[in-house]
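# Descriptive structure summary
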Amino acid sequence: CFINFTVIFEKKKYMIYPIILYGNSVLREKCKDIVPSKVDVKTLSEDMFETMHSADGIGLAAPQIGISKRMFVVDGSSLDSEEMKGFKKVFINPKIVDESGEPWEFDEGCLSIPGIRGEVKRKSEIELSYFDENWIQKKECFSGMQARVIQHEYDHIEGKLFIDYLSAIKRKLIKNKLLEISKGNCDVNYNVK
């Protein structure tokens, strides 16, 4: 007698959230800490990674999906950079302990402000205290592009956006584009709200 057993492995499906666009007040809120056991941070972090990857991003903060909590994820593996290769982390209740090094400019963009980019000057090194998705507390130093991505996402949980660093002239030049984004008038290949 021959018995054919077929095992079907089902990949767990995570939720892909719409990205909150500029103009929504949640992007300007200073987020609250996450209390352990009140939020399933493992599922939320996987949802955030899926959402970020579906939008071709390298970082995503909880307010960008409408959740005013101190959490963000980064994954630089899609970049052609040795420094960012394998840089995939979850940051819960992060606190910047120190910023140092020479400030350097880089052309930044944001999933919540599609189609707009600008030169932002940030410190080259940071020390960060945070919890990972297993609620293990960590204190690490980051530099270069890793520090920049973290600072960009950290700003989100503080209610700041990269456009806040732009010159008054540049902000004036993008005013109409920002108005259109706030009305939902933008051409993107991901779901927005």
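Heads up: these notes are all about the structure in this document. Source: prediction; values computed, not measured. The written sequence of each chain sets the order in which its residues are numbered from 1. Residues qualify for local features only when their pLDDT is at least 70, as the model is predicted, and side-chain atom pairs are given and counted only at 80 or more; totals for whole chains, interfaces and linings, by contrast, use all residues. For side-chain calculations, the full set of non-hydrogen atoms in the structure is used, while hydrogens and water are omitted.

## A closer look at the sheet that holds strand β1 (residues 59-61)
Going by this rule: Any two strands between which DSSP finds at least two bridges are classified as paired. Note on conventions: DSSP H or I runs of at least 4 residues are helices, E runs of at least 2 residues are strands, and numbering of each starts at the N terminus. Lines fitted to C-alpha atoms define the axes here, with helix axes fitted over just the stretch in contact, and angles between the N-to-C directions of these axes take values from 0 to 180 degrees. We call two residues in contact whenever any of their non-hydrogen atoms come within 4.5 Å of each other.
Overall, antiparallel pairing links the five strands, which are arranged β1-β2-β3-β6-β7 in an open sheet. A strand with exactly one partner marks an edge of an open sheet, and here the two such strands are β1 and β7 (137-143). Averaged over neighbouring strand pairs, the angle between their axes works out to 40 degrees when direction is ignored. Bridge count for strand β2 (residues 71-75) against strand β3 (residues 88-100) is five bridges, and the pairing is antiparallel. Directly across from V73, in β3, lies its bridge partner V90. On the sheet, helix α1 (residues 41-54) packs against β1, β2 and β3 and is oriented at approximately 50 degrees with respect to β2.

## Here we look at unusual backbone geometry
The cut-off we apply is this: Exposure classes here rest on a 1.4 Å probe applied to the protein chains alone. A residue is buried below 20% of its type maximum, exposed above 50%, and partly exposed in between.
Non-glycine residue S37 carries a positive phi angle of around 80 degrees. The backbone of W135 shows a phi angle near 60 degrees, a positive value even though the residue is not glycine. By the secondary structure assignment, W135 is in the loop between β6 (125-131) and β7. Note on W135: relative accessible area 24%, which makes it partly exposed.

## What about the nonpolar core?
Quick reminder of the rule: Throughout this description, the term nonpolar core refers to a set of buried Ala, Val, Leu, Ile, Met, Phe, Trp, Tyr and Cys residues connected via side-chain atoms within 4.5 Å.
One finds M48, L60, M71 and V73 to be the most contacted residues of the largest nonpolar core, which totals 18 residues. Among the elements of the structure, α1, β2 and β3 are those that each provide at least two residues to this core. Among the elements that take part in this core, α1 stands out by supplying five residues, more than any other. Residues contacting M48, with those up to four places away along its chain left out, are L60, A61, A62, I65, M71, F72 and V73.

It is worth stressing that arrangement in space is one thing and function is another; only the former is reported here.
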